[in-house]
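Descriptive structure summary
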Amino acid sequence: QVQLVESGGGLVQTGGSLRLSCAASGRIYSLNSMAWGRQAPGKQRELVAIFTSGGTTNYADSVKGRFTISRDNAKNTVYLQMNSLKPEDTAVYYCYKDQGSLRYWGQGTQVTVSS
């Protein structure tokens, strides 16, 4: 069993920055195959930044150049640094883990970007 707990969301102004954290616990063997996704009201959930199973990173076009996913293996934590935030980034952000045949999502943290 894997538990994912997000933190760091909040209200920021356009152009501001936030750093989200995802603390993973339980039977987690690798920080590969972890990702950040987001869902805004009325829209489908989308992945915005991932570590692939091979440990490389990929980003959605909408956040490329502004968001950076990173990790601290010793702390079992994955981060999402979000810079140059736009109102369009407003969403609930979720941490995700794919392990074996199971998929895990955290409960989410709200990010609101005001004009």
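Before reading on, note that the structure itself is shown above.
Described below are features of the structure shown in this document. (Residues numbered from 1 in each chain as written. Predicted model: local features only at pLDDT ≥ 70, side-chain atom pairs only at ≥ 80, totals over all residues. Heavy atoms only, no water.)

Concerning the sheet that holds strand β1 (residues 2-7)
In plain terms, the rule: Any two strands with at least two DSSP bridges between them are considered paired. Per the convention used, a helix needs a DSSP run of H or I reaching at least four residues, while a strand needs a run of E reaching at least two, with both numbered from the N terminus. Axis definition: a line fitted to C-alpha atoms, over the contacting stretch in the case of helices. Angles run 0 to 180 degrees between N-to-C directions.
Strand order in this open sheet of four strands is β1-β3-β8-β7, and the pairing throughout is antiparallel. Because the sheet does not close on itself, it has two edges, and the strands there are β1 and β7 (67-72). Averaged over all pairs of adjacent strands, the angle between their axes in this sheet comes to 20°, without regard to strand direction. Where β1 lies against strand β3 (residues 18-26), six bridges are found, and the strand directions are antiparallel. Bridged to S7 within β3 is S21.

Digging into the environment of Q107
Test applied: Only protein chains enter the accessibility calculation, which uses a 1.4 Å probe. A residue is then buried if its area is under 20% of the maximum for its type, exposed if over 50%, and partly exposed in between.
Looking at where Q107 falls in the secondary structure, it is placed in the loop between β10 (102-105) and β11 (109-114). Among the residues examined, Q107 registers a relative accessible area of 69% and is labelled exposed.

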